Amino acid sequence: KLETINFSLKEILQNWDVKFTIPIHTALIKRKSIEGILFNEKIKAKEDFLFWVEVFVRNPEVLFINEYLNFYRDHNNNMTLNYNFMLENKILAFKEIHKILDEEHKILFFNSRYETLSLENKYLYESKKELLNSKRMKIINFLFKLFKYE
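To keep things clear, this report deals only with the structure shown in the data block. Throughout, residues of each chain are indexed from 1 in the direction in which the sequence is written. Residue-level local features of this predicted model are given only where pLDDT is at least 70; pairs of side-chain atoms are given and counted only at 80 or more, and the full residue set underlies all totals for whole chains, interfaces and linings. In computing side-chain properties, one takes all heavy atoms of the structure into account and sets aside hydrogens as well as water.

1. Focus on the overall build of the protein chain
We apply this condition: Here a strand is any run of E in DSSP of at least two residues, a helix any run of H or I of at least four, and the numbering for each starts at the N terminus. The buried label goes to any residue with under 20% of its type's maximum accessible area, the exposed label to any with over 50%, and the partly exposed label to all in between, with areas taken from a 1.4 Å probe on protein chains only. By definition, residues are in contact when any of their heavy atoms lie within 4.5 Å.
From N to C terminus, the protein chain includes six helices and zero strands. Counting from the amino terminus, the protein chain carries its helices and strands in the arrangement α-α-α-α-α-α. Buried residues in the protein chain amount to 36% of all 150 residues. Considering only contacts within the protein chain whose residues lie at least 6 apart along the sequence, 67% involve residues at least 24 apart.

What follows is the structure in structure tokens.
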């Protein structure tokens, strides 16, 4: 179970995929909260993250029920196990999120993502030096350059 979380735009931006995710099929949503928001069909993963950012920009009222009410079926072909696929779609989602956020939230979001990717990048470098020329590392390095804030 999750600790009690004050779900807000700040919490979504800083802790999505770090402390929690909100799969779209686990929420009951008032229509007025999502009016005009559609899933981005160009993104094949992380589209729920983009969706929730768009929702939380509107500062909705949230009630969190800390109970197991949903279960996942895991198997060897889950798309979440395909790191390159997930990373490519994360980049697409980040670009869309960049368009949505005001400057204050952009800095908050990309600073927290930069830290997460920095730790991941350090682990990959130390554990598998042969990955340095892989597509994975090129994408991560591209992200650092694209979203770096001084």
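Once the structure has been displayed, the description carries forward.
2. With respect to the nonpolar core
Put simply, the rule is: Definition used in this section: a nonpolar core is a set of buried Ala, Val, Leu, Ile, Met, Phe, Trp, Tyr and Cys residues joined via side-chain atoms within 4.5 Å.
Formed by 30 residues in total, the largest nonpolar core has its most connected members in Ile12, Phe49, Val53 and Phe109. Residue assignment for this core shows that the elements contributing at least two residues are helix H1 (9-15), helix H3 (47-56), helix H4 (83-100), helix H5 (103-127) and helix H6 (135-147).

3. What about the packing of H3 against H4?
The cut-off we apply is this: Orientation is described by axes fitted as lines to C-alpha atoms, over the contacting stretch for helices, and by angles from 0 to 180 degrees between their N-to-C directions. Roughly parallel covers angles under 35 degrees, roughly antiparallel covers those over 145, roughly perpendicular covers 65 to 115, and oblique covers all other angles. Here the term charged refers only to Asp, Glu, Lys and Arg, the term nonpolar to Ala, Val, Leu, Ile, Met, Phe, Trp, Tyr, Cys and Pro, and the term polar to all other amino acids, Gly among them.
At a closest axis distance of 9 Å, the pairing of H3 and H4 adopts a crossing angle of 10 degrees. With respect to each other, H3 and H4 are oriented roughly parallel. Along the contact surface, H3 presents Phe49, Leu50, Val53 and Glu54, while H4 presents Ala93, Phe94, Glu96, Ile97 and Ile100. For the contact of H3 with H4, the residue count by class is seven nonpolar, no polar and two charged.

4. Quick notes on unusual backbone geometry
Phi is positive for aspartate 17, close to 70 degrees, though the residue is something other than glycine. With respect to the helices and strands, aspartate 17 occurs in the loop between H1 and helix H2 (31-34). In this structure aspartate 17 comes out as partly exposed when scored by relative accessible area, which is 35%. In this structure, asparagine 59 is a non-glycine residue whose phi angle is positive, near 55 degrees.

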